[in-house]
Amino acid sequence: MPDRYAVMGHPIAHSKSPFIHRRFAAETGEPVAYEAIHVEPGDFRTAVERFRAAGGCGLNVTIPFKEEAYALAGRRSERADRAGSVNTLWFEGTEVCGDNTDGFGLVRDLTRNLAIDIEARSVLLLGAGGAARGVVGPLLDGLPQRLVIANRTMSRAVDLARHFANQGPVSAVALGALAAEPFDMVVNATAASLAGDLPPLPPGTLRTGGVAYDTAYAAQPTPFVRWGEAQGAAVATDGLGMLVEQAAEAFRIWRRMEPRTRSVIDALRAHLAS
Ligand code: ATR
């Protein structure tokens, strides 16, 4: 019998996690079965307990349960505490353990797959919700020259910057007050792409030859990726690589084995296109 893993979310039908983890299992030869489980809001804790009682070994958690997973985990990694949310759960004895691999996934995709250095670069982060919070710490670990958080609702950007103030050169600005100022890198962690929207950005926000990274992904280039291309970005990409890298880190936590990701990123891109 393979070891059971799953992703829980609402909605979950379009999750790419089963596709990714089944490929990791095939590539590493690990006896892993992976499914997607739809959970109604309010039922998360019960669903986790049911999965565990049925012999489940570990879970990925997606929208809208990452904060609940954080509260549920009795033992949490430092990365989870920094992010304030958990996307990876596993069970040790009676304990539920939690980690957050999202920010790791972003930085791994940037630095290893795309060969982009964060050190000494000016970085603009768009958004101040859960997705943004998950990547602030790992971005600061890359030692940017500065990290500016811009959000439609200014107060959320201020709160987020304040939360990370002792961890690096981070500041906040209202999205609408962004001056035309060329950043080396712009990371979109707003929910705008999911609605087919583009956050309002003045011309000149990204320097020519810079990097535009959308944490969302889609079969077609997102509005933000198109915006990056129009600004003359050297790299304008969606977050499909981040998705695969965060999954690989979860797989490593569960199986103590690092799967190769390049071929899975390519396969997932082809799968999306079809
Ligand atoms: P998530 O956990 O995905 O980050 P969230 O906590 O609801 O979800 O946060 C969504 C983020 O996207 C917020 O930063 C939101 O801005 P507000 O805080 O002002 O609501 C941002 N956002 C959503 N739609 C947007 C849009 N069309 N333009 C700009 N920002 C948008």
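Per chain, residue numbering runs from 1 following the sequence as it is written. Per-residue local features of the predicted model are confined to residues with pLDDT of at least 70, and side-chain atom pairs are confined, for both listing and counting, to 80 or more; whole-chain, interface and lining totals are unaffected and use all residues. To obtain the side-chain values, all non-hydrogen atoms of the structure were used and water was disregarded.

A.B. asks: Can you help me understand the packing of helix α5 (residues 102–113) against helix α6 (residues 130–141) in this one?
C.D. replies: Between two packed helices, the angle of one axis relative to the other and the distance separating the axes together describe the packing. Every axis corresponds to a line fitted to the C-alpha atoms, with the helix fit spanning only the stretch in contact, and the corresponding angles, defined between N-to-C directions, vary from 0 to 180 degrees. Secondary structure elements follow DSSP: runs of H or I no shorter than four residues count as helices, runs of E no shorter than two count as strands, and numbering proceeds from the N terminus. Running from N to C, α5 and α6 cross one another at 50°; their axes reach a closest spacing of 7 Å. The orientation of α5 with respect to α6, classified from their angle, is oblique. Seen along the crossing, α5 lies across α6 with a hand that is right-handed. Where α5 abuts α6, its residues Gly103, Phe104, Leu106, Val107 and Leu110 lie against Gly134, Val135, Pro138 and Leu139. Each residue is assigned to one class: nonpolar for Ala, Val, Leu, Ile, Met, Phe, Trp, Tyr, Cys and Pro, charged for Asp, Glu, Lys and Arg, and polar for all the others, Gly among them. Looking at the contact of α5 with α6 residue by residue, the class counts come to seven nonpolar, two polar and no charged. For classification, angles of less than 35 degrees are called roughly parallel, those exceeding 145 degrees roughly antiparallel, those between 65 and 115 degrees roughly perpendicular, and all remaining angles oblique. Left-handed describes a crossing in which the near helix is turned anticlockwise from the far one by less than a right angle; the clockwise case is right-handed. Contacts are assigned to residue pairs that have any heavy atoms within 4.5 Å of one another.

A.B. asks: What exactly am I supposed to notice about the sheet that holds strand β11 (residues 206–214) here?
C.D. replies: Two modes of strand pairing occur in sheets, parallel and antiparallel, and in both the strands are linked by backbone hydrogen bonds. Reading across the sheet, the six strands line up as β9-β8-β7-β10-β11-β12 and stay open at both edges, with parallel pairing between neighbours. Looking at strand neighbours, the two that pair on one side only are β9 (170–174) and β12 (235–237), the edges of this open sheet. Averaged over all pairs of adjacent strands, the angle between strand axes in this sheet comes to 25°, irrespective of strand direction. Its contacts with the sheet put α6 on β7 (122–126), β8 (146–151) and β9, and the angle it makes with β8 is roughly 170°. Those strands touched by helix α8 (residues 223–230) are β7, β10 (183–188), β11 and β12, and its axis lies near 165° from that of β11. Here, a strand pair is defined by DSSP locating no fewer than two bridges between the strands.

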